[in-house]
Every structure is written in structure tokens, then in C-alpha cells.
Amino acid sequence: MTSTLDTEQRRWLDAAIAQAEKSWSEGGIPIGAVLVDPDGRIVAEGHNERVQSGDPTAHGEMSCFRNAGRRRDWTELTLVTTLSPCPMCTGTSVLYGIPRIIIGESRTFQGAEHWLREAGIEIIQADCDRCVALMERLQAEKPELWAEDIGE
């Protein structure tokens with residue numbers, strides 16, 4: 001990682017990576033996410049389930065939001081995701097007022113980070129080699145799935 005994450009932030013990213021690995025082990029797209037409360041507790045986690053469920057909206061972040069259930073504290077949560085969020089996941093973050101997002105990597109895919117910045121959301125770039133490796137493996141082993149996921 002080139003960005004300096006503290007020990008707690010690394011733990012959160014490790015949890016998101018575990019979710020990404022879970023998706024990959026299920027035959028899905030290796031993207032994972034967690035939501036963290038101000039006390040550092042992971043309150044929800046999710047992984048990309050598009051392949052497993054056939055639901056095109058089941059991105060890792062969206063599954064995490066769904067698993068968080070109904071809440072009133074969105075504006076206090078941190079989203080940690082293994083990959084730069086796409087416009088749909090960015091829009092959900094903006095809609096719920098998520099104040100901070102830790103992004104595992106944006107080398108293999110540059111999401112709608114400009115929109116996050118415009119909305120005043122703090123972005124922490126982890127530039128995590130483990131996250132990059134997950135996406136590079138997807139691109140190499142399942143290029144058709146990668147193309148489907150990013151809309152090519």
C-alpha cells in the first residue's frame with residue numbers, strides 16, 4: 001500500500017478484501033465492502049453478488065448497504081471498498097451522505113471519484129496491491145466477466 005492507513009483502517013480493508021475473496025470463491029466478481037461506525041465497529045459487510053444472484057445491481061458496495069438495513073446514522077459511517085466505486089455505488093454513497101470512503105484501489109478501474117469529491121466526501125486512497133491483484137486476476141482469468149461488469 002502506498003497510502004498510509006492506520007492499524008484500524010487496515011483491519012477494515014482486510015475485512016473488505018475477505019468479502020472480495022468470498023465472492024471470488026463463489027464464482028463471482030472479487031469486490032468487497034464494509035461499513036464502519038464512528039467507534040470503529042464494522043456494522044455491515046457485503047460482496048459483489050451479480051453472478052451468484054443474477055442481480056445487476058448487486059455490487060459489493062450495494063450488497064453492503066443492503067446488509068446494513070434501515071439506519072439513521074449513514075452520515076457517521078465510513079465505507080471501505082476494495083475498488084473505486086462505480087456511478088451507482090457513488091450515487092448511493094452521496095444519497096446517504098457517507099462522509100468518508102476508503103478505496104482499496106483505483107488502478108484497474110477509475111470509478112466516479114470526481115462525483116464523490118464534488119459531494120464533499122473524503123476519499124482515502126489505499127492503493128493496495130492485494131486489491132489490485134484481485135482485479136487483475138479477474139481480468140486475466142475471466143475477461144468476459146470483467147467486460148460485463150464494467151459495461152463494455
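Residues numbered from 1 in each chain as written. Predicted model: local features only at pLDDT ≥ 70, side-chain atom pairs only at ≥ 80, totals over all residues. Heavy atoms only, no water.

Let us now look at the pattern of salt bridges. Taken as a whole, this structure holds 11 salt bridges when the rule is applied. Residue R50 pairs with E148 through a salt bridge whose shortest N-O separation is 3.2 Å. Note that R50 is positioned in helix 2 (residues 50-53) and E148 in helix 7 (residues 143-149), a separation of 98 residues in sequence. Under the relative-accessibility criterion, R50 is labelled buried at 11%. Within the structure, one salt-bridge network assembled from shared partners comprises D37, D39 and R41. (Salt bridge = Lys/Arg side-chain N within 4 Å of Asp/Glu carboxyl O. Helix = DSSP H or I, 4+ residues; strand = E, 2+ residues; numbered from the N terminus. Buried < 20%, exposed > 50% of the residue type's maximum accessible area, 1.4 Å probe, protein only.)

Right, let's get into unusual backbone geometry. Of note, the phi angle at D127 is positive, near 45 degrees, even though the residue is not glycine. Relative to the elements of secondary structure, D127 occurs in the loop between strand 5 (122-125) and helix 6 (129-141).

The biggest cluster of nonpolar side chains holds 27 residues, and the ones touching the most others in it are L35, F65, W74, L79, I98, I101 and L138. Elements with a contribution of two residues or more to this core: strand 1 (32-36), helix 3 (60-68), strand 4 (100-103), helix 6 and helix 7. At 4 residues, helix 3 tops the list of elements feeding residues into this core. Ignoring sequence-local partners within four residues, the contact set of F65 consists of L35, W74, L79, C89, T92, S93, Y96 and I98. Among the nonpolar cores identified, the runner-up in size contains 16 residues, and A16, V36, V80 and I124 belong to it. (Core = buried A, V, L, I, M, F, W, Y, C linked by side-chain atoms within 4.5 Å. Contact = heavy atoms within 4.5 Å.)

Each turn of an α-helix holds 3.6 residues, which means side chains three or four residues apart point in the same direction. Within helix 4 (residues 87-96), burial applies to C89, T90, G91, T92 and S93. Of the surrounding elements, those touching the buried residues of helix 4 are helix 3, strand 3 (78-81), strand 4 and helix 5 (113-118). Phi turns positive, to about 70 degrees, at G97, one or two residues after helix 4.

With that settled, consider the sheet that holds strand 5. A sheet is described by the order of its strands in space; here 5 strands give the open sequence 2-1-3-4-5, paired in mixed fashion. The open sheet has two edge strands with one neighbour each: strand 2 (42-47) and strand 5. With direction set aside, neighbouring strand axes in the sheet form an average angle of 15 degrees. (Pairing = 2+ DSSP bridges. Axes fitted to C-alpha atoms, helices over the stretch in contact; angles between N-to-C directions.)

Scanning the entire structure with this criterion turns up 4 aromatic pairs. Measuring from ring centre to ring centre gives 4.6 Å for W74 and Y96, while their planes differ by 20 degrees; the resulting arrangement is stacked. A residue pair is termed long-range when its members are at least 10 positions apart, and W74 in the loop between helix 3 and strand 3 and Y96 in helix 4 qualify at 22 residues. Aromatic side chains F109 and W146 sit 6.5 Å apart centroid to centroid with 85 degrees between the ring planes, which places their arrangement in the edge-to-face category. (Phe/Tyr/Trp six-rings, centres within 6.5 Å; stacked < 30°, edge-to-face > 60°.)

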